[in-house]
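# Understanding the architecture of this molecule
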Amino acid sequence: MLAKTKINRLLKKKLSDPTIAGTVIESSIAQMASLGAIGKLVLREQGVAEIDPRKQYNYKLRSAIHQAAFERFGDAALYFFGLTQVEKMQGVLKDLYSGMSKFMEENREELDSPNMNIANDALDKCITEQMRITGNMIADATVGGDGKYGATCNALGDGKYLISQTRAALLPHYEFDRASLVAALVLFHSKTWRIAVIFDPEQSSSGDGWATCVYQVKFERQLSSTSMGETFANLKLEARDELLKAVLRYSENQTKELEAQKYKLENLSSKLGKYVPPQIHEALFAGDYDTEITTRRKKLTIFFSDIANFTSTSEGLQPEDLTKYLNEYFSQMTQIALDCGATIDKYIGDAMMVFFGDPETKGEREDARACVTMALRMQERMAMLQTKWSNEGFANPFQVRMGINTGYCNVGNFGSDQRLTYTIIGGEVNVAQRLEAGADANGILMSFETYAHAQDLIEVEERNAIKMKGISREIKVLAVRKRKNKTKNKNNEASEMSNSVELSEIEILKNDMNSVKSEIKSINNNIHSILKKI
C-alpha cells in the first residue's frame with residue numbers, strides 16, 4: 001500500500017488528468033454524508049463550491065474524497081461506500097441492469113442446469129458479458145487520461161475468473177473498486193452461487209491517472225432461499241458494522257491524541273509560564289491578550305530589590321552554594337510577590353523588578369498597599385532565611401535592599417514583530433530603582449506618593465529628598481522602620497465599642513423606666529376617676 005505522503009503527491013501532480021462524471025462525485029459525497037461533512041470539506045479545499053451532475057470533474061476530486069475517508073476510517077469506509085454506490089447510482093447503472101437481466105433470462109436454463117459443466121459454461125458467458133457492459137460504462141464515464149479504462153474478464157475454469165477493472169483512481173483505494181464489483185456480482189448471481197472476490201496486489205498496477213485492480217473471483221454452486229436483494233442488504237449491513245467499528249476506533253484514537261496533545265500543551269504552557277508574568281500567560285492561553293506592539297499610560301506602583309554587596313558576598317561562596325542560595329532566595333521572594341498579586345517584570349542578576357496595577361488592578365490605593373505589604377513580608381521572610389542560612393554555614397547571608405515608588409508609566413508590549421517584551425518604562429521606574437540603590441541593607445525606601453496610600457500600615461522616618469533628571473518634582477523619601485503596631489488601635493476600638501454597648505444598655509433602661517412611669521401615672525388617673533364616681 002502506498003504511503004500517505006506518496007498518495008498526496010499523486011493527488012497534487014499535474015498531468016493531462018482524466019475527468020469523471022459529476023454524478024459519480026455527487027454519489028461519493030452523498031455516501032459519506034452519514035459520517036459528517038467530509039465530502040463538502042474536501043470540495044472546499046479543492047475550491048469547488050457545488051457539483052453539477054452534468055459536468056466532468058478531475059478524477060483527483062473523488063480520489064481526495066476517498067483519501068479523506070481512508071485516512072480516518074481505513075478500508076472499511078471505502079468498502080462500504082463501494083457497496084452503497086450501487087444504490088446511489090441506480091439511474092446511471094440502468095444499462096447494466098437491463099442488459100444483464102435480459103442476457104441472464106436468455107441463458108436461464110443453462111445457468112440453472114444441474115450439470116455443472118453446462119452451468120459453468122453459461123456462467124462464463126454471463127460474467128464475460130457483465131464485465132463487457134461494466135467496462136463500457138467505466139470508459140464512457142471517464143474522459144482523457146493515459147489509462148485504458150474499462151474491465152476485462154479471463155475465465156480460468158471451474159467457476160474461477162481473473163477480473164480486472166481500470167479506473168481513474170488511486171490503487172490504495174482498491175477496496176472501493178472491489179466493493180463495487182462484489183455488489184454487481186451479488187445482485188445478479190447470489191441466488192445460485194456463493195461468490196468470493198479477492199484482491200491480487202501482485203498483478204495490480206497503477207500509473208498517472210489510472211489504476212488497474214485485479215481480482216481472483218471464485219463461484220461455488222449454492223442454491224439459496226434468500227433473494228439476491230436480501231443477500232445484498234445483509235452484505236451491506238455487515239459492511240456497515242465494520243465501518244462503525246472503524247469509526248469507534250478512530251474516535252478513540254482521536255480522544256487519545258487529543259488527551260496527549262492537551263498534556264503536551266499543558267506541559268508547554270507550564271514551561272512558558274516561567275518566562276512570562278502569570279497574568280499575561282493566563283490571558284494569552286485564554287485568547288484574551290493582544291500581542292500587538294502597543295503601550296498605554298497608567299499609574300502603577302513599582303518595586304525594585306537587590307542584594308547588598310552581592311559581588312563580595314558571592315566571592316566567598318562555592319558556585320554550587322551560590323546557586324542554591326540564590327534559587328532559594330528568588331523562589332521565596334517570587335512566591336510572596338505572586339501571593340500579593342504582583343506582576344513580575346524581570347530578574348536582572350541579583351535584582352528583581354515587579355509592579356502592581358497592570359494587567360490587573362485593584363485601584364491606585366490598593367495596588368500601592370499590596371506592594372508595601374509584599375515588601376514587609378519579604379523583609380520578614382529574609383530575616384528567617386538569614387537565620388536558616390547562618391545555621392547552614394553561610395557566614396554572611398544575603399541582605400536585601402528594596403525601593404518602592406508610585407507614578408505614571410508606559411506599560412505594554414515593547415519590541416519588534418519578531419519578539420516582544422511586556423514591561424514598563426518611564427521616569428517613575430528610574431525613581432524606584434534609585435530608591436532601592438539608596439536603601440540600607442535589609443531596609444525599604446519609598447516615595448511619599450506610595451507612603452500616602454499606606455500610612456496606617458507602617459512607621460517611617462524621613463530621609464533627605466532627592467532630585468533626578470527627567471523628574472520635575474523633588475522626591476520626598478521615607479525609610480520604613482517597622483509595621484505599625486495595631487494592638488493599641490484594636491484595644492481602643494474595643495474600648496470604644498464596649499463604651500458604646502454600655503451607653504446603649506443605659507439608654508434602653510432609661511426608656512423602660514419612662515414607660516413604667518407613664519403606665520403608673522395612667523393607672524393612678526384611672527383610680528381617681530373611679531373614686532369620684534363612687
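Residues numbered from 1 in each chain as written. Predicted model: local features only at pLDDT ≥ 70, side-chain atom pairs only at ≥ 80, totals over all residues. Heavy atoms only, no water.

## As for the pattern of salt bridges
Just so we agree on the cut-off: Salt bridges are defined by distance alone: a side-chain nitrogen of Lys or Arg within 4 Å of a carboxyl oxygen of Asp or Glu. Only runs of H or I of at least four residues qualify as helices and only runs of E of at least two qualify as strands under DSSP, and these elements are numbered from the N terminus. Burial classes follow relative accessibility: with a 1.4 Å probe on protein chains only, a residue under 20% of its type's maximum area counts as buried, one over 50% as exposed, and anything between as partly exposed.
With the rule as written, the count across this model stands at 26 salt bridges. Residues D17 and K60 are paired through a salt bridge, measuring 3.1 Å at the closest nitrogen-oxygen approach. Here K60 lies in helix α4 (residues 59–73) and D17 lies in the loop between α1 (4–12) and β1 (19–21), a separation of 43 residues in the sequence. With respect to class, D17 is no different from K60; both count as buried. Measuring nitrogen to oxygen at the nearest pair gives 2.9 Å for the salt bridge that ties R473 to E428.

## Focus: the environment of R54
Looking at where R54 falls in the secondary structure, it is placed in the loop between α3 (38–45) and β2 (56–58). C-alpha separation for the pair R54 and T23, spaced 31 residues apart in sequence, amounts to 7.3 Å.

## Remarks on the nonpolar core
Applicable threshold: Residues belong to a common nonpolar core when they are buried Ala, Val, Leu, Ile, Met, Phe, Trp, Tyr or Cys residues joined through side-chain atoms within 4.5 Å. Should any heavy atoms of two residues lie within 4.5 Å, those residues are considered in contact.
Ranked by size, the top nonpolar core spans 68 residues in total, and within it I25, L83, I127, L181, Y215, V217 and F219 carry the most contacts. Ignoring sequence-local partners within four residues, the contact set of V217 consists of G159, K160, Y161, I163, L181, L185, I195, A196 and V197. Residues F330, M378, M402 and V480 belong to the second largest nonpolar core, which totals 41 residues.

## What about unusual backbone geometry?
For the bond from D358 to P359, the omega torsion is 0°, close enough to zero to count as cis. With respect to the helices and strands, P359 occurs in the loop between β11 (351–356) and α14 (364–391). Backbone geometry places N442, a non-glycine residue, at a positive phi of 65°. With respect to the helices and strands, N442 occurs in the loop between α15 (427–438) and β14 (444–447).

## Structural notes on the environment of T334
Within the secondary structure, T334 is located in helix α13 (residues 319–339). Here the alpha-carbon distance between T334 and M378, two residues 44 residues apart in the chain, equals 9.4 Å. Residues contacting T334, with those up to four places away along its chain left out, are I344, Y347 and M352.

## Thoughts on the side chain of D52
Topologically, D52 is positioned in the loop between α3 and β2. Excluding residues that lie within four positions of it along the chain, D52 makes contacts with G22 and Y57.

## As for the confidence of the model for the protein chain
Rules: pLDDT expresses how confident the predictor is about each individual residue, on a scale running from 0 to 100.
Per-residue pLDDT for the protein chain has a mean of 84; in total, 82% of the residues score no lower than 70. Per-residue pLDDT, averaged within each element of the protein chain, yields its smallest value for α1 (49) and its largest for β14 (96). Across residues 9–15 the pLDDT falls below 50, and counting only partners more than four positions away or on other chains, this stretch makes 14 contacts in the model. In the model, residues 496–503 has pLDDT below 50 throughout and makes 0 contacts with residues more than four positions away in sequence or in other chains.

## Overview of the pairing of strand β12 (residues 400–415)
Selection criterion: Two strands form a pair only when DSSP identifies at least two bridges running between them.
Across the 16 residues of β12, 12 count as buried, placing the element largely inside the fold. Bridge count between strand β9 (residues 295–307) and β12: 13 bridges; the pairing is antiparallel. By the bridge assignment, R297 is partnered in β12 with N410. Both β12 and β14 contribute to a ladder of 3 bridges, which runs parallel. Counted as the bridge partner of G403 is L445 from β14. Relative to strand β13 (residues 420–425), β12 runs antiparallel, the two sharing 6 bridges. Bridge assignment links N410 to a residue of β13, and that residue is I425. Hairpin geometry of β12 and β13 is characterised by an intervening segment of 4 residues between the two adjacent antiparallel strands.

## Brief notes about the sheet that holds β1
As a reminder, the rule being used: To get an axis, fit a line to the C-alpha atoms, keeping to the stretch in contact for a helix; angles then go from 0 to 180 degrees between the N-to-C directions.
One open sheet accounts for 3 strands, arranged β2-β1-β3; its pairing is antiparallel. Each having just a single partner strand, β2 and β3 (142–143) make up the two edges of the open sheet. Sheet topology places β1 next to β3; 2 bridges connect them, and they run antiparallel. The residue bridging I20 from the neighbouring strand is T142, located in β3. Strands in contact with helix α2 (residues 22–31) are β1 and β2; relative to β1, the strand with the most contacts, it is inclined by about 75°.

## Observations concerning the packing of helix α9 (residues 174–189) against helix α10 (residues 228–272)
Using the following cut-off: Reported orientations rely on four angle classes, namely roughly parallel under 35 degrees, roughly antiparallel over 145, roughly perpendicular from 65 to 115, and oblique for the rest. Left-handed describes a crossing whose near helix is turned anticlockwise from the far helix through less than a right angle; right-handed describes the clockwise counterpart. Any residue that is not Ala, Val, Leu, Ile, Met, Phe, Trp, Tyr, Cys, Pro, Asp, Glu, Lys or Arg is counted as polar, Gly included; the first ten are nonpolar and the last four charged.
It is the contact of α9 with α10, at a shortest axis distance of 7 Å, that shows an interaxial angle of 150°. Relative to α10, the element α9 is oriented roughly antiparallel. Our pair here, α9 against α10, has a crossing hand that is right-handed. Here V182, A183, V186, L187, F188 and H189 of α9 come into contact with α10, specifically with M228, T231, F232 and L235. Tallied by class, the residues present in the contact of α9 with α10 amount to 8 nonpolar, 2 polar and no charged.

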